[in-house]
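Working through the structure, step by step
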Amino acid sequence: MKRFGKQILAAVMAAITAFAFVGCKKDGDKKPAGATDESTLDIYILNTGFGYQWLNDSIALFKQQDWVKEKYPNLYVPEITYNSQYKYGSDMIKAGEKANKFDLLIGVESTQFYDLKDASGNGYLESLKDVYNSAVPGESVLYKDKMYDEYEQYANYEGDYLTSFYVANYLGLLYNADLFAELGLSVPRTTDELSALCKKVKDLNGSNPKYKKDYTVMFSTSRDAAMYWQDIGLTAWWIQYEGVEEYYNFYRGIDTVTETRNTKEVLRQQGRLEALEVCYDLIHNYGFEGAGSIDFSEAQSRFLSGDGLIVANGDWFCEEMKLTIEGLKSRGIDYDIRFMKTPIISSIVDKLTTVKTDEKLAELVDAIDSGRSSLDGVSAEDFARVKEARSFMRTTGYGGGMVVPKYAKGKEVAKDFIRFLATDVAVDQYMKTTRGATPPFSYDVQKNDAAAYEKFDYIQKQKTDYFNDNDTFFIRSYSSTEFPLVYKGGLTAFPVGYIDVVFSKNGGKTAEQYFNDQIEYYTDAKWKDILRNAGVQ
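Anyway, here's the lowdown on the structure attached to this text. Residues take numbers from 1 onward in each chain, read along the sequence in its written order. Given that this is a predicted model, residues contribute local features only at a pLDDT of at least 70 and side-chain atom pairs are listed and counted only at 80 or more, while totals for whole chains, interfaces and linings are drawn from all residues. No hydrogens and no water enter the side-chain calculation; it runs on all heavy atoms of the structure.

1. Thoughts on the overall build of the protein chain
What counts here: For helices the rule is a DSSP run of H or I covering at least 4 residues; for strands it is a run of E covering at least 2, with both sets numbered from the N terminus onward. The rule is simple: take the accessible area with a 1.4 Å probe, protein chains only, and divide by the maximum for that residue type; under 20% is buried, over 50% is exposed, in between is partly exposed. Each accessible area is a Shrake-Rupley result for a 1.4 Å probe, and residues are judged covered by the shown protein chains and nothing else.
The secondary structure content of the protein chain amounts to 26 helices and 15 strands. Referenced to the eigenvectors of the C-alpha coordinate spread, the extents of the protein chain come out at roughly 70 × 60 × 45 Å. Across the 537 residues of the protein chain, 57% fall into the buried class. In the form shown here, the protein chain has an accessible surface area of approximately 22,700 Å², with 47% of it arising from carbon and sulfur atoms.

Shown next as structure tokens:
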């Protein structure tokens, strides 16, 4: 769909006016006498879980490079602008050259601009194809080849590249290892084991003096952007049950049961309901009942304080909560927080031929985790199926785009800064500053900077190990251009409500009711609109 600048300009300018004073600025330098618009790099960053200090450190390192000094003798990087307004960056880009001063904007989802044109019929984003096809500065590898494959594929838009990325994060379930040990709990390998663990805690009814609660799951329902069980648990178990390709087929509109394309039948994928059943059990039966009265930061603080045993979150958790963690440590509270590998959905046995009990499934998970390639009594097909379910990783890093407005005066220095961020020296600095966060570029920190690795937060060490495992891979983003029903048509997997809310004690929905709500939402007329907007009908 093409939309033109005049139709949205008034709304955009109103939004920018509202947020114009939100961004704070720090750590700038003095403008050289010979600085020009072309040698000035003005940067905006969305301030989220990993913050912005890494950007200040990266800018300082960029200015120290000999090739940068030679190419930009009068380089000027003003104090960065940051805020936590998710639409601010995209609104600034849409506002145009006269209103937008930024040459590089970080934290902007690029797909919204793919078919968006200004009043003159021009696109908003500068092509980064020359960046992707150039060598990483000082290294013998192309930028696109050093980037993780799934990220490069996401950035590729009809042979062009309009965005890059600054982080490849990791989503999963965190648990309190100290309290697990105190309560005699083992890390669950399957969702049946996870449910049994929660029931054990509930049956203890707070009788253990180290954990006087009867619930396991800590969460909050106060903010849409922090509905982590919706974003993490639900999707992971859906993918596990259906398999990766069937999950992708949902977004392609392909139903392999009826052998039809562009069909609403994908909404009835059994894996969606199976995953919802698991989430309902955890949230409704074993979740914190006060989730609606606290925000996500309080929920995370409670978890760090030993209130709740499991949370759904990402590898940004410790960096985002570092002030809270430091405060708790000063009071003698310092729990061992770790990722568990997401338990395998127990109902996957319905899709297997040689594994039919949860006990055998757990044994198979152990075999996979120990690096074995087979298990007695398990077919090669079943082994591969469960190994895939155990090996994929989910990330939201695709949304952390770095984009350059087409009209930016400092577009060339912005591109060079993007190139620089892929260098080993920049990646290493980023990981040090964030205590282990990972840009989407190949780099073995354990080999190249073991001292830095040892200082990482424990969950970042775990994540780094996952990333370095040859069997692991990222799930591709559903908003990728390979799924036009989504990025053009507007298809969403769960358009009605959040499970974190509706599955809570007073939420009022069962898994099946919520499942049916999603199906009923997409009337024939709405589905036709999706197909038409996606250009497939």
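Next comes the rest of the description.
2. Focus on the environment of Ala291
So the rule is basically this: Contacts between residues were defined by any pair of non-hydrogen atoms, one from each residue, lying within 4.5 Å.
Secondary-structure assignment places Ala291 in the loop between helix H12 (270-286) and helix H13 (296-304). Ala291 gets classed as buried once you look at its relative accessible area, which sits at 2%. As for Ala291 and Ser186, which are separated by 105 residues in sequence, their C-alpha atoms are 25 Å apart. Beyond its immediate sequence surroundings of up to four residues, Ala291 is in contact with Phe219, Ser220 and Thr221.

3. A short note on the pattern of salt bridges
Filter applied, for reference: Only one rule defines a salt bridge in this text: a Lys or Arg side-chain nitrogen within 4 Å of an Asp or Glu carboxyl oxygen.
Taken as a whole, this structure holds 37 salt bridges when the rule is applied. In this structure, Lys409 and Glu97 form a salt bridge, with 2.4 Å as the shortest nitrogen-oxygen distance. In this pair, Lys409 is assigned in the loop between strand E14 (401-403) and helix H18 (411-420) and Glu97 in the loop between helix H4 (88-95) and strand E4 (104-106), connecting sequence segments 312 residues apart. On the basis of relative accessibility, which here comes to 39%, the residue Lys409 falls in the partly exposed class. Where Arg189 meets Asp366, a salt bridge forms, and the shortest distance between an N and an O atom there is 2.6 Å. In this pair, Arg189 is assigned in the loop between helix H8 (177-182) and helix H9 (191-204) and Asp366 in helix H16 (residues 358-369), connecting sequence segments 177 residues apart. Arg189 sits in the partly exposed class, given a relative accessible area of 25%. For Asp366, a relative accessible area of 36% puts it in the partly exposed group.

4. What to know about the side chain of Thr434
Quick reminder of the rule: By the criterion applied in these results, polar contacts are pairs of N or O atoms within 3.5 Å in which, for protein atoms, one can donate a hydrogen and the other can accept it, and in which residues neighboring in sequence qualify only through two side-chain atoms.
Note on placement: Thr434 falls in the loop between helix H19 (424-433) and helix H20 (445-448). Among the polar contacts made by the side chain of Thr434, one reaches the main-chain carbonyl oxygen of Tyr430 at a distance of 2.8 Å. Of the polar contacts made by the side chain of Thr434, one reaches the backbone nitrogen of Ala437; its length is 3.1 Å. Sequence-distant contacts of Thr434, defined by excluding residues within four places in its chain, comprise Phe50, Trp54 and Glu319.

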